Amino acid sequence: MRREQRRRLGALMLLLLGVLLVRRFNWREFIPFKMWSRGIGLQAVESMFKLEGKPFRIFGGSMHYFRVPRDYWRDRMLKMKACGLNTLTTYVAWNLHEPARGKFDFSGNLDIEAFIKIAADVGLWVIMRPGPYICAEWDLGGLPSWLLRDKNMELRTTYKGFTEATDAFFDKLIPKLARYQYRKGGPIIAVQVENEYGSYAKDPNYLDYVKTALLKRGIVELLMTSDNKDGLSSGSLEGVLATINFQKLEPVLFSYLDTIQSKKPKMVMEYWTGWFDHWGSDHHVFDADMVAKTIQNVLKTGASINLYMFHGGTNFGFMNGALHFQEYKADVTSYDYDAPLTESGDYTSKYFKLRDLFSKFTEEPLPIPPSTMTKGSYGMVEFKQYVSLWDVLQSTEEVFVSNQLVGSIDYNNLELNIAEVPGYRKLRFLVENCGRVNYGPKQNTQRKGIIGDVLLRNSPLRNFKIYSLDMKKSFIESLQVAQWNDVPDEPVGPAFFRGTLRVGFIPLDTFLKLEGWEKGAAFVNGQNLGRYWDIGPQGTLYLPGTWLHPGENEIIIFEQYRAGRILQSLDVPLLGKTLYVD
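Residues numbered from 1 in each chain as written. Predicted model: local features only at pLDDT ≥ 70, side-chain atom pairs only at ≥ 80, totals over all residues. Heavy atoms only, no water.

1. A look at the packing of aromatic side chains
Per the stated rule, a full pass over the model turns up 36 aromatic pairs. For the pair F169 and F170, a centre-to-centre distance of 6.1 Å together with 45° between the ring planes defines the contact as tilted. Since its relative accessible area comes to 0%, F170 is described here as buried. Taking the centre distance of 5.7 Å and the plane angle of 35° together, the rings of F511 and Y542 count as tilted. You can see F511 sitting in strand β25 (residues 510-513) and its partner Y542 sitting in strand β28 (residues 540-543), a full 31 residues away along the chain. (Phe/Tyr/Trp six-rings, centres within 6.5 Å; stacked < 30°, edge-to-face > 60°. Buried < 20%, exposed > 50% of the residue type's maximum accessible area, 1.4 Å probe, protein only. Helix = DSSP H or I, 4+ residues; strand = E, 2+ residues; numbered from the N terminus.)

Next up, the structure:
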């Protein structure tokens, strides 16, 4: 009996000791038993990559966590794996993670650690591209706009104001990434130093600053840079592997890369599988056979490759970027990119051609591609309620006099004629940021709003009352207490319009067609789907089924000019008139 008591007491003591160890040990840093043999990460050894000392080729695909609903991450990654790819690459959007200085967010759709864990679970290696600048056709190239409150700011340089802000962000971000590096048992095999700096090259010390910032915070895996041909010479860095970006494989590209760094493996960090669209232009499409042939020729050289994009997703909210060289061009909401997977994650002919190609470079049979998600067509939504923007406030730039639209001011039109009439009139401006430039020399000039004086007969106007319309979820939810009215016979903006989308027991992805509406943004259950504009090319907004719930779903449309009465829920997207790119 005493022996049995001693045995039970011993077992209890072991259990207590185990509990103490669990509580005391930092299990997040623990390397599983099967990972204990890891010691040598990805190496650039002469003409080939080696991983754990064995030859390795990167077959990568780009997908950005911030452009895809979290519930769909695994689905897209499984489709990537089934296409024959072994590596996922992603940018990090600083402006989402730190929307206000010192206010950080890594939750929900911004939980980058969860994203990395899913990639590991699916069986994909990861190349991280943390910036701080990412381009990506994303507002200000991923840099937070609050940086420009410093009137002397020099983005992407060693200017103290920029490096201090970058250091503060990296202090939060890099430790989250470092624990998932290969040598710690994670999937991250390489990290990119900034992005396409050779095409900017404002500061010869900047790339070395970014490299040091990564190393001092615990990055130990292979470092890379990424540039197109014209930027290679100015964007390379000692001790960092240079990679190249292109859409057409010219004979001189790899030989030129050899002049930058000899006896190194060749890596195409961005092979452009498609292209992005601008408002007022056409929808760009790259021929699937041409894309497959170019990738095949790249692989024949022995080079590694990353498909940009493999799955584009969506510029939800107001996060689209813009270009401004000869003229300003804002990007559309869809980032379909004519990628192998569509904006909503469906297969394309390009996907299956590439799957067939990559299957020839793998020893094991590829996984069966996951089934696609059924799309829903929920019919017509009628809008019966509206509230004027002016009523929501407590008391493009568009100019209103006594609530009457008198014209617009933009990059090309800086002056308006206003008819003179007797009496007092109120002057209002509705200022829209259509997207900050994400690439090129104009990034330091992307301060939005009314910059400088507003002149009337050459005299400056004063005492404006200013309201910030961030239109985040909390703002949309606050409209519940607004005084909604019946929609008039000829509804005009700026105003909010409210309707109800009725969905069955299992919500499905759908596409909203706003025919008869002119320009604005759509919100479903508080989620900002992005901008619409009747100048095209994009004709529908993608609505993920995971953002819907069975029964009634609230749709709020913010229309700036001329409102429609209805919208249609379709089961296919309308991306606009197609422009085939050679």
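Read on for the rest.
2. Quick look at helix α2 (residues 73-82)
Burial within α2 is extensive, with 7 of its 10 residues counted as buried. Buried within α2 we find W73, D75, R76, M77, K79, M80 and A82. Just downstream of α2 lies G84, where phi reads positive at about 100°.

3. Some details on the domain arrangement of the chain
Entries for the chain in the domain assignment read domain 1 (41-276 + 286-360) and domain 2 (379-580). When each unit is reduced to the centre of its C-alpha atoms, the spacing between domain 1 and domain 2 is 32 Å. Tallying the contact residues gives 42 residues for domain 1 and 35 residues for domain 2. Of the roughly 3500 Å² buried where domain 1 meets domain 2, counting both sides, 55% is carbon and sulfur surface. On the domain 1 side of the interface with domain 2, the three residues burying the most area are F318, H324 and Y328, jointly 19% of the side's total. (Domains from an automatic or database assignment. Contact = heavy atoms within 4.5 Å. Buried area = accessible area lost by both parts, 1.4 Å probe.)

4. Considerations on the pairing of β28
The side chains of a regular strand alternate, residue by residue, between the two faces of the sheet. Residues T540 and Y542 point to one face of β28 and L541 and L543 to the other, with burial holding for every one of them. Note: β25 against β28, 4 bridges, orientation antiparallel. Residue pairing across strands places K513 opposite T540, the latter belonging to β28. (Pairing = 2+ DSSP bridges.)

5. Section: the pattern of salt bridges
Applying the stated criterion across every chain yields a total of 26 salt bridges. Here R217 makes a salt bridge to D171, at a shortest N to O gap of 2.8 Å. Of this pair, R217 sits in the loop between α6 (206-215) and β8 (222-227) while D171 sits in helix α5 (residues 160-178), and the two are 46 residues apart along the sequence. The buried category is assigned to R217, whose relative accessible area is 15%. A salt bridge links E554 to R498; the nearest nitrogen and oxygen atoms lie 3.7 Å apart. Here the residue E554 occupies a position in strand β29 (residues 551-559), and R498 occupies one in strand β24 (residues 495-503), the gap between them amounting to 56 residues. Assessed through its relative accessible area of 16%, R498 is described here as buried. Put simply, D75, R76 and K79 are held in one network by salt bridges that share partners. (Salt bridge = Lys/Arg side-chain N within 4 Å of Asp/Glu carboxyl O.)

6. Some points on the environment of K211
You can see K211 is positioned in helix α6. The exposure class assigned to K211 is buried, which follows from its relative accessible area of 17%. A sequence separation of 17 residues divides K211 from E194, and the C-alpha atoms of the two residues are 8.4 Å apart. Those residues in contact with K211, other than ones at most four positions away along the chain, are V193, L223, L237, E238, G239 and V240.

7. Some details on the sheet that holds strand β20 (residues 437-439)
Adjacent strands of a sheet pair through backbone hydrogen bonds, lying either parallel or antiparallel. Pairing within the open sheet is mixed, and its 3 strands lie in the order β14-β13-β20. The open sheet has two free edges, formed respectively by β14 (328-330) and β20, since each of these has just one partner strand. Each adjacent strand pair in this sheet contributes to an overall mean axis angle of 45°, direction not counted. Relative to β14, strand β13 (residues 322-324) runs antiparallel, the two sharing 3 bridges. Following the sheet pairing, L323 is matched in β14 by K329. (Axes fitted to C-alpha atoms, helices over the stretch in contact; angles between N-to-C directions.)

8. A closer look at the confidence of the model for the chain
The predicted model of the chain has a mean per-residue pLDDT of 91, with 93% of residues at 70 or higher. Considering only residues more than four positions removed or in separate chains, one finds that residues 19-36, a stretch of pLDDT under 50, has 13 contacts. (pLDDT = per-residue confidence, 0-100.)

9. Regarding the sheet that holds strand β23 (residues 485-486)
Taken together, the 6 strands give an open sheet; going across it, the order is β23-β16-β24-β29-β26-β27, and neighbouring strands pair in antiparallel fashion. Each end of this open sheet is capped by a strand with a single partner; those strands are β23 and β27 (527-533). Of the pairings in the sheet, the one linking strand β16 (residues 385-388) to β24 comprises 4 bridges and is antiparallel in character. Residue pairing for β24: Q385 is matched across the bridge by R498.

10. Describing helix α10 (residues 349-358)
Within the span of α10, buried status applies to K350, Y351, L354, L357 and F358. Buried residues of α10, seen end-on, are gathered within an arc of 125° and therefore sit on one face of the element. Those residues of α10 that are buried lie in contact with β4 (59-62), α2, β11 (283-286), α9 (288-300) and β12 (304-308). (Arc of directions from axis to C-beta.)

11. Quick word on the side chain of T225
For T225, the position within the fold is in strand β8. Of the residues examined, T225 reaches a relative accessible area of 2% and is grouped as buried. Residues contacting T225, with those up to four places away along its chain left out, are Q192, V193, G235, S236, V240, L241, A242 and T243.

12. Overview of the packing of α2 against helix α4 (residues 112-122)
Closest axis-to-axis distance for the α2/α4 pair is 10 Å, and the angle between their directions is 35°. Where α2 crosses over α4, the two elements pack in a sense that is right-handed. Residues W73, R74, M77, L78 and K81 of α2 touch α4, and the partners they reach there are A114, F115, I118, A119, D121 and V122. Split by residue class, the contact of α2 with α4 holds 8 nonpolar, no polar and 3 charged. (Left-handed = near helix turned anticlockwise from the far one by under 90°. Nonpolar A, V, L, I, M, F, W, Y, C, P; charged D, E, K, R; others polar.)

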